Amino acid sequence: MINKVVSGAEEAIKDISDGATLMLGGFGLCGIPENCINALVSKQVKNLTCISNNAGVDDFGIGLMLKQRQVKKMISSYVGENAEFERQLLSGELEVDLIPQGTLATRCLAAGYGMPAIFTPAGVGTEVAEGKEVRNFDGKDYLMEYAFDADFAIVKAWKGDTAGNLIFRSTSRNFNPVMAMAGKITIAEVEELVEAGELDPDYIHTPGIYVHRIFQGKDYEKRIEQRTVRTKS
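Given the structure is predicted, the values throughout are model-derived calculations rather than measurements.

Digging into the overall build of the protein chain
Here is step 1: Scanning the protein chain for helices and strands turns up six helices and 12 strands.
Here is step 2: Its C-alpha atoms give the protein chain a radius of gyration of 18 Å, within 12% of the compact-globule value 17 Å for 233 residues.
Here is step 3: Referenced to the eigenvectors of the C-alpha coordinate spread, the extents of the protein chain come out at roughly 50 × 50 × 40 Å.
Here is step 4: By sequence separation, contacts in the protein chain at least 24 residues apart represent 71% of the contacts at least 6 residues apart.
Here is step 5: A total accessible area of about 11800 Å² is found for the protein chain, and carbon and sulfur atoms account for 48% of it.
Here is step 6: Distance from the positive charge centre (25 side chains) to the negative charge centre (32 side chains) of the protein chain: 3 Å.

So, in structure tokens, the structure goes:
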């Protein structure tokens, strides 16, 4: 598909409908697609399956979608910052798959590479392995995990160009690049959008071939989950 620059988040997510499976990039609140999440909240799309390392906080990020009961199922690794997530989980309102962080990332990577499954030692002999195939390689057991199958991957980059090439900064490189490879349709919001050819090819993290829609975001809050500062001595 030809890469396409769109006017904003509302146009980028216009065909995301009830029941869709979404990958949402970011690590904690770092590098999350704020504009697209806000657009999904405004659109009030329902029954979503969200694949994300974390579930935001109560009043920001995916937490806003949880608050409006838009999420049917969360597939995550770390969810300890969201009281509403905890409430919905304990009440049975929300389906949850908790996945080891490395397994989560590698299942995204496998989807991007076109691999149907991976084998990992993480989770062998635990509840995570219940009902799953285990194989032995060179005397060690490995758990088979399927690659994710996401309708959309929604990521946030520092810079991008009109051909869809993306550059991420620091911690936001944890999940955004592997998710950008993995969605059937990848939507990228960027802090700065430049013309094709303006980015140094040596610094591009995600080639534009993976990106279907791109736009320049605005009004980023870039919140910090737990701000820790040094006390004066």
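Still more to cover.
As for the packing of aromatic side chains
Here is step 1: Going through the model one piece at a time under the given rule, you end up with three aromatic pairs.
Here is step 2: Aromatic pair phenylalanine 119 and phenylalanine 137: ring centres 5.3 Å apart, planes at 70°, arrangement edge-to-face. Highlighted residues: phenylalanine 119 in strand β6 (residues 117–120) and phenylalanine 137 in strand β7 (residues 134–137), separated in sequence by 18 residues.
Here is step 3: Judged by centre distance (5.6 Å) and plane angle (75°), the ring pair of phenylalanine 137 and tyrosine 142 falls under edge-to-face.
Here is step 4: Residue classification places phenylalanine 137 among the partly exposed residues on the basis of a relative accessible area of 37%.
Here is step 5: What links up through ring pairs into an aromatic cluster is the set Phe119, Phe137 and Tyr142.
Here is step 6: Positioned over the ring face of tryptophan 158 is lysine 159, at 4.8 Å from the centre of the ring.
Here is step 7: Over the face of the ring belonging to tryptophan 158 we find arginine 169, whose NZ or CZ atom lies 5.2 Å from the ring centre.

What about helix α5 (residues 101–113)?
Here is step 1: For α5, built from 13 residues, the straight-helix expectation of 18 Å at 1.5 Å per residue is met to within 8% by its first-to-last C-alpha distance of 19 Å.
Here is step 2: For α5, the full list of buried residues reads Thr103, Leu104, Ala105, Arg107, Cys108, Ala110 and Gly112.
Here is step 3: Here the buried face of α5 lies against β2 (21–24), β3 (48–51), β4 (71–76), β6, β8 (140–146) and α6 (176–182).
Here is step 4: Glycine 114 lies just past α5 and shows a positive phi near 80°.

So, how was this worked out
- Residues numbered from 1 in each chain as written.
- Predicted model: local features only at pLDDT ≥ 70, side-chain atom pairs only at ≥ 80, totals over all residues.
- Heavy atoms only, no water.
- Helix = DSSP H or I, 4+ residues; strand = E, 2+ residues; numbered from the N terminus.
- Rg over C-alpha atoms; globule rule 2.2 N^0.38 Å.
- Contact = heavy atoms within 4.5 Å.
- Areas by Shrake-Rupley, 256 points an atom, 1.4 Å probe, with all protein chains shown as cover.
- Lys, Arg positive; Asp, Glu negative; His and termini not counted.
- Charge placed at Lys NZ, Arg CZ, Asp CG, Glu CD.
- Phe/Tyr/Trp six-rings, centres within 6.5 Å; stacked < 30°, edge-to-face > 60°.
- Buried < 20%, exposed > 50% of the residue type's maximum accessible area, 1.4 Å probe, protein only.
- Lys NZ or Arg CZ within 6 Å of the ring centre and 35° of its normal.
- Expected span 1.5 Å × (residues − 1).

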